[in-house]
Structures are given as structure tokens and as C-alpha cells.
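Results of the structural survey
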Amino acid sequence: MKRRQVEEAIFKFIMVCSFLLVASSLGLILFTVIVKGLPSLNWAMLTQTPKGGYYLGKEGGILNAIVGSIYLAGGGTLLALLLGLPIALYLGVYSRKSRISDWVRLSLDVLWGVPSIVYGAFGFILMLAMGMRASLLGGIITLALLELPIMTRAMDEVIRMMPRDLEQASLALGATRMETAIHVVIRQTLPGIITAILLAFGRGIGDAASVLFTAGYTDRLPSGLLRPVASLPLAVFFQLGTPFPEVQQRAYSAALVLTFIVLIISLGSRWLSSRLSRFALK
Amino acid sequence: MNNSKTAWFKTFYNQIRSLLTLSRGGKERFTEKLFLSISLLPVLLIVLLVVALWLRTQPILETQSIWSLLLGQTWHPIKSQFGFLPFIAGTMWVTIVAMVFAVPVCLLSAIYLSEYARASMRMIMKPLLDLLAAIPSVVYGVWGMLAIVPWVQNTFAPFMNKCFSYIPFFAVNNPTGFGIMAGGLVLAVMVAPFIIAITYEVLQAVPTGLRQASLAVGATQWETIKYIVMRQSLPGVIAGVVLGASRALGETMAVLMVVGNVAHMPTSIFDAAYPLPALIANNYGEMLTIPLYDAALMGAALILLLVVLVFNILSTLILRRIVRRSRR
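On a predicted model such as this, the values are computed, not experimentally measured, just so you know. (Residues numbered from 1 in each chain as written. Chains lettered and ligands numbered in written order. Predicted model: local features only at pLDDT ≥ 70, side-chain atom pairs only at ≥ 80, totals over all residues. Heavy atoms only, no water.)

Once that is clear, we can look at the overall build of chain A. For chain A, the helix and strand inventory stands at 12 helices and zero strands. Along chain A, helices (α) and strands (β) appear in the sequence α-α-α-α-α-α-α-α-α-α-α-α when read from the amino end. Relative to all contacts within chain A whose residues are 6 or more apart in sequence, the contacts with residues 24 or more apart total 74%. Carbon and sulfur atoms form 69% of the exposed surface of chain A, whose accessible area is close to 12,500 Å². Side chains of chain A carry 25 positive and 14 negative charges; the gap between the two charge centres is 3 Å. (Helix = DSSP H or I, 4+ residues; strand = E, 2+ residues; numbered from the N terminus. Contact = heavy atoms within 4.5 Å. Areas by Shrake-Rupley, 256 points an atom, 1.4 Å probe, with all protein chains shown as cover. Lys, Arg positive; Asp, Glu negative; His and termini not counted. Charge placed at Lys NZ, Arg CZ, Asp CG, Glu CD.)

Have a look at this one:
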């Protein structure tokens, strides 16, 4: 009798320890990035583009990368939304359970797992085929492909959770499925849809491997859809690659900026969706 | 020229107009068709990914057999020698080390959260795992360089060297700390939120009735977990682990930054390695300047894609069956 309880106590202790280990690793990452990144973070870094000799440790900042990343992720998210929302509505309203929607869901799940470097390689092939060079547009297209499954599946889950009564009430009143989708389903699931959009945006802004091939890098602010554009993850990566400690210091600060943006998005979407869910019918 | 342009514009304009003046039923039919065709894009995209990469890999397959590529050990792009084996081995070493660390910890955490933890604990868990999953891979890489690599170099490797140096598997031939061990540890933390979330879902899908029956005949909670819950959820747990492994396989930046990037066959967990994604990311710049180099790198991407596709399709199908059963 005793032995069984001791075994349980031991395993319970190990379980708590492993959970704490996972939880503390988050704290450890944030701690490391803040401690290393904060000292060289200053106003000039956030508001200036790299000046001559920046990569040797001279003056300048990473504004080009911050703006570039926002353009890239913003464009990618918008494009993914244009495709993802119709897919989610089709899966949720038009064809909830059918062979086609099964296939679409499976392919979205599979696409979710495809590594971003593969998307990068595919985007590169696409650009070669279209005769394009590394550019903002190429980066946006590649990021949209990367974000599409994440966003769509998140929306699909929310729409599926919605009470069917609402939808049926709308249909019973004579609304078409499109009218139901736009006036009832989207309105009711808006908090979830916004969470899905921000989730995809956060994933897009942090991804480096896919824009490495397709967006290029530049020290200037983004100037056009067909010009190369800088991005924060690559700013971190390239600055770490230089042999100068001052520049590496800036890479840590850039990593801090990136982490900060991503955390704000993650926490902000939680706050926003709880604010907005007051307007949904319970 | 100008004329044809205006004609094209007119047809386009008329199309839009006729769309706007459609009856409600007409709009409904139109949107259904439109939404259906957009929904088929993901299916098409998978096919396109495979076909595009395969076509770009063709040039190298025409000069060398697939086996000499997969099993070749020399990598000399200038001499047109492309042996992928060191990179495939590197990918596998890093992934396996990551899974060895991640799986027990994640499993135990998920069991704790699903079976023992209070509701308040679960409320904390969700945002915590979301945050951990939201951190970009470059930031994981920076953390790896700043925290993990020095720890492996100064603490872990010397300790293993002192205690287990007679096992070749743990021999320390690489004093820098950049290597499979560091890459595996960083990856383990990266895939943890992922594996925990899936395993938690799977454990929650085990019917409460089964647990209650086991508790009713006098089993302790741990015995119930060991004999009932774990046995019921085993396929799902395996599927979750496989999904996590396929994440680890394709992870690029974080691994690239800490794994050392030396193209050789690793023999110890402290050796440097050069996984496939790192190979692609490091050499994209010069790949168009050396003949067949681009085909070789696209081949590397194709290998990754195919392995990940197989892993993902199998485990998604298993998971789907489990979750569907529980929702019924």
C-alpha cells in the first residue's frame, strides 16, 4: 500500500519539476535577451538607418529593418487574410463536413508543418520563374504562403466553436449563406478572427528563413514593391555574423526589439479579443 | 494596342457590373464557387511545392544517381561533388538529441497539466506556452549562443568528458561548445510548447468514464495514468512526438547559429554538425554562381519537404481520428 503512494509522490514531484523547467526556460530566454540587449539599446538605434561604416561599429540604427519587417509581415498577413478568410468561411459555413473540406483541412495542417526554409526555396523558384529579384513583393508572397495555414486553421477552429443555432436562425430567416457568413459568422467570431490574424502576423514578423531568399537586405528604408527590403530577424543574424563586438551588441538589441514586438502582439491579441468578445452573443 | 487595352478594360468593367447587379441567389452561387476555388489552393500548393522543387532538382539527378547523392560523403560544389549524407546525418543527430531531451519533459508536463494541475494552473499554462511558441527562431538562436553554448562548453562537456569519456558517443573532440548538443538543447526548448499542447489535447480526449472506473476499483491516480490514460492515448502521443520531430527537422535559423556548421559525419554528441536547413540557408548567396549548386540545394529542400510531408500526413491523420472520437 505504502509503495504505491510513494511512487505516485515521486512521479508527481518529477512532473512538477519538468513543468517548472519548461516555464522557467521562457523566463530564462527573456532574461538573457533583456540583460544582453538593453545596454546598447538607445533612441538612435530605433530611429536611424545604418550610416556609413555601421557594420564596423559606427553610427546608425536599425530603422530600416523595423520598418521593413512591418511592411513584410503586414503585406504577408493581408494577402494571407484575403485567401484565408474565404477558406475559413467555406470550411465553416458552406461545407462543414464533406470530403472536400476534409482534404482542405488536412492540407492546411500539413502545410503548417512545412519548414519555413522550404517556403523560402519555393518563393525563390517562383521569383526566378517570374523574372523577379529579391524584393518586398517576393517576401510578402512567401510570408503569405507561410502564414496562410496558421491563420486559416485558427479561424476555422473559432468558427467551428460557434453555436450553430445562430447560423441556423439566420438561415431560417431567409438569409443566404453568404449573408449569414458576413453578417452573423464574421461578426460573432471577430475576436477569434483578430487573434488568428495577429498570430499569423507574429509568426511572419519573426521568420527569417523564408525572407532570406526572397526579400534580400538593404540599408535603406523600403522604397518600392520591387526593391529589396531589410527585416529584423536578418538584421539580428547578419550583425551577429560580424567580428566586431559593438556590432554584435547591436544584434542583441535588435533581438530584444524583435522579442518585444512579438510579445506585445501576443499579449495584445489576448487583451483585444477579450475586449471584443463582450460584443459577441453568448 | 491602346484599343485592345480599352476593350479589355470594358469587358472587365462589364464583368464587375454584372456581378454587382446579380440577384441574391446569383451572388450566393458566385461566392460559393469563388470560395470553393480559393479553398482548393492549399491542396494545390502542396502539389506545387513538390513539383517545383523536383523540377529544379532535375539537372543534378541527370548527372548523378539518387543513391550517390543521398549516400555520398564528399561535398565539393566546385568539383560537382554533392554528397548529402553528412547533412542528413547532422539533421538526424540534432533532431534525435532534441527529442531525447524534449519528450520526457514535455510528456510529464502535459500529464501534470492534464491530470493533476488545478484550473488556475491551466489558465496560466495557455498564455505561457503561446508566448514560448511566439518567440522567433532568431531569438532562440541568440539565446543559444549567449546561454546554451557557453554552458555546454564550460560545464556540460567537461563534466561528460570527466565521467563518460570512454564512451565514444560522449567524447569531447570539439572544445567550442558549438555543436549537436547545443543545437539539440535549443531545439528541445523550441518544440516543447508544441509537443505539450498536442499531448495535452490527446490526454484530454481520454474519456472521463475510463478514469473514474479505474479510480473506483481502487487504483491510485498515478496507476490510473500509467495503466489507463497513457495506454489509451499512446497513438496520439506518438503522433504528437512525430509532429514535434518534424518541426525540429526543418528548423533553420536557431540551429544554424549554434550547431557549428562543419560538413562531416558526426560521431559524438559534442561534435559540430551541419543540418540540411543550415546548408540551404548558408549557401543561398553563391548557389547561382556554381553549376548544379542550385539544383543540389533545391534537392536538399526537397528531401526536407518529403520527410516532413510523410511525418505530418501520418500523424495528422492519427490525431484527427483521436480528436474526432472524443468530440462525438
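Next up on the list: the nonpolar core. By size, the foremost hydrophobic cluster in this structure holds 159 residues, and its most contacted members are Ile29(A), Leu53(B), Trp75(B), Phe84(B), Tyr140(B), Leu276(B) and Leu279(B). If one sorts the elements of this core by residue count, helix α5 (residues 85-116) of chain B sits on top with 19 residues. Each of two domains, domain 1 (2-63) and domain 2 (66-327) of chain B, supplies a minimum of three residues to this core. In terms of nonpolar packing, the next biggest core, distinct from the first, is built from 22 residues, Leu89(A), Met151(A), Met162(A) and Ala196(A) among them. (Core = buried A, V, L, I, M, F, W, Y, C linked by side-chain atoms within 4.5 Å. Buried < 20%, exposed > 50% of the residue type's maximum accessible area, 1.4 Å probe, protein only. Domains from an automatic or database assignment.)

Okay, the packing of aromatic side chains next. If you walk through the whole model with that rule in mind, you get 17 aromatic pairs over all chains. The interplanar angle of 70° and the centroid separation of 5.6 Å between the aromatic rings of Tyr94(A) and Phe35(B) together place this pair among those described as edge-to-face. With one member in each of two chains, Tyr94(A) in helix α3 (residues 63-94) and Phe35(B) in helix α2 (residues 24-39) form a pair that bridges those chains. By relative accessible area, which is 12% here, Phe35(B) ends up buried. With centroids separated by 5.3 Å and ring planes inclined at 65°, the aromatic side chains of Phe87(B) and Tyr274(B) adopt a geometry described as edge-to-face. Separated by 187 residues along the polypeptide, Phe87(B) in helix α5 and Tyr274(B) in the loop between α11 (253-258) and α12 (276-283) bring together distant segments of the chain. Taken individually, Phe87(B) and Tyr274(B) each receive the classification buried, so the pair is uniform in this respect. Here a set of aromatic residues connected by ring pairs shows up, and it is made of Trp75(B), Phe82(B), Phe84(B), Phe87(B), Tyr274(B) and Tyr293(B). (Phe/Tyr/Trp six-rings, centres within 6.5 Å; stacked < 30°, edge-to-face > 60°.)

Residue and element names in this part refer to chain B. If you check the domain split of chain B, you get domain 1 (2-63) and domain 2 (66-327). Computed over C-alpha atoms, the centres of domain 1 and domain 2 are 38 Å apart. Taken together, the contact between domain 1 and domain 2 spans 11 residues of the former and 14 residues of the latter. Three residues stand out in domain 1 for area buried against domain 2, namely Leu53, Arg56 and Ile60, and they jointly supply 52% of the buried area on that side. Viewed at the interface, domain 2 and domain 1 are joined by one residue pair in polar contact (both at pLDDT 80 or more). (Buried area = accessible area lost by both parts, 1.4 Å probe. Polar contact = N/O pair within 3.5 Å; in protein donor to acceptor, adjacent residues only side chain to side chain.)

Bringing the pattern of salt bridges into the picture now. Residues and elements named next belong to chain A. In total, this model carries 17 salt bridges over all chains according to the counting rule given. In this structure, Arg164 engages Glu167 in a salt bridge whose closest nitrogen and oxygen atoms are separated by 3.3 Å. Of this pair, Arg164 and Glu167 both sit in helix α7 (residues 164-172), three residues apart, roughly one helical turn. Relative accessible area serves as the criterion here: at 36%, Arg164 is assigned to the partly exposed category. (Salt bridge = Lys/Arg side-chain N within 4 Å of Asp/Glu carboxyl O.)

Bringing the packing of helix α6 (residues 136-161) of chain A against helix α9 (residues 190-206) of chain A into the picture now. Residues and elements named next belong to chain A. Here α6 crosses α9 at 155°, and the two axes come no closer than 8 Å. By the angle class used here, α6 and α9 are roughly antiparallel. Pair α6 / α9 crosses with right-handed handedness. Contacts between α6 and α9 involve Leu143, Glu147, Ile150, Met151, Ala154, Met155 and Val158 from the first element and Gly192, Ile193, Ala196, Ile197, Leu199, Ala200, Phe201, Arg203 and Gly204 from the second. Its residues assigned to classes, the contact of α6 with α9 comprises 12 nonpolar, two polar and two charged. (Axes fitted to C-alpha atoms, helices over the stretch in contact; angles between N-to-C directions. Parallel < 35°, antiparallel > 145°, perpendicular 65-115°, else oblique. Left-handed = near helix turned anticlockwise from the far one by under 90°. Nonpolar A, V, L, I, M, F, W, Y, C, P; charged D, E, K, R; others polar.)

Quick look at the interface of chain B and chain A now. Across the contact, 81 residues belong to chain B and 81 residues belong to chain A. Buried area between chain B and chain A, both sides added, is near 7,500 Å², and the carbon and sulfur share of it is 77%. Put simply, chain B and chain A have seven salt bridges between them. Applying the counting criterion to the chain B and chain A interface returns 21 residue pairs in polar contact (both at pLDDT 80 or more). Grouping the constituent residues of the side of chain B that touches chain A by class yields 57 nonpolar, 11 polar and 13 charged.

Residue and element names in this part refer to chain B. Residues Trp8, Phe9, Phe12, Tyr13, Ile16 and Leu20 make up a contiguous nonpolar surface patch of about 710 Å² in total accessible area. As for its placement among the helices and strands, Leu20 is situated in helix α1 (residues 2-20). Owing to a relative accessible area of 62%, Leu20 belongs among the exposed residues under this scheme. (Patch = residues over 30% accessible without salt bridge, like charges linked within 9 Å, V, L, I, M, F, W, Y side chains within 5 Å.)

Okay, the confidence of the model for chain B next. On average, residues of chain B score 88 in pLDDT, and 98% of them reach the 70 mark or higher. Looking over chain B, one finds the lowest element-wise mean pLDDT in α1(B), namely 75, and the highest in α5(B), namely 94. (pLDDT = per-residue confidence, 0-100.)

Moving on: α3(A). Taking 1.5 Å per residue as the helical rise, α3(A) with its 32 residues ought to reach 46 Å, and the 44 Å between its terminal C-alpha atoms agrees with that figure. Of all the bends found along α3(A), the most pronounced is centred on Leu81(A) and spans about 30°. (Expected span 1.5 Å × (residues − 1). Bend = angle between axes of the 7 residues up to and from the residue.)

Residues and elements named next belong to chain B. The phi torsion at Ser80 lies on the positive side, around 60°, for a residue other than glycine. Positionally, Ser80 belongs in the loop between β1 (75-76) and β2 (81-82). For Leu292, which is not glycine, the phi torsion reads 70° and is therefore positive. Relative to the helices and strands, Leu292 is located in the loop between α12 and α13 (293-327).

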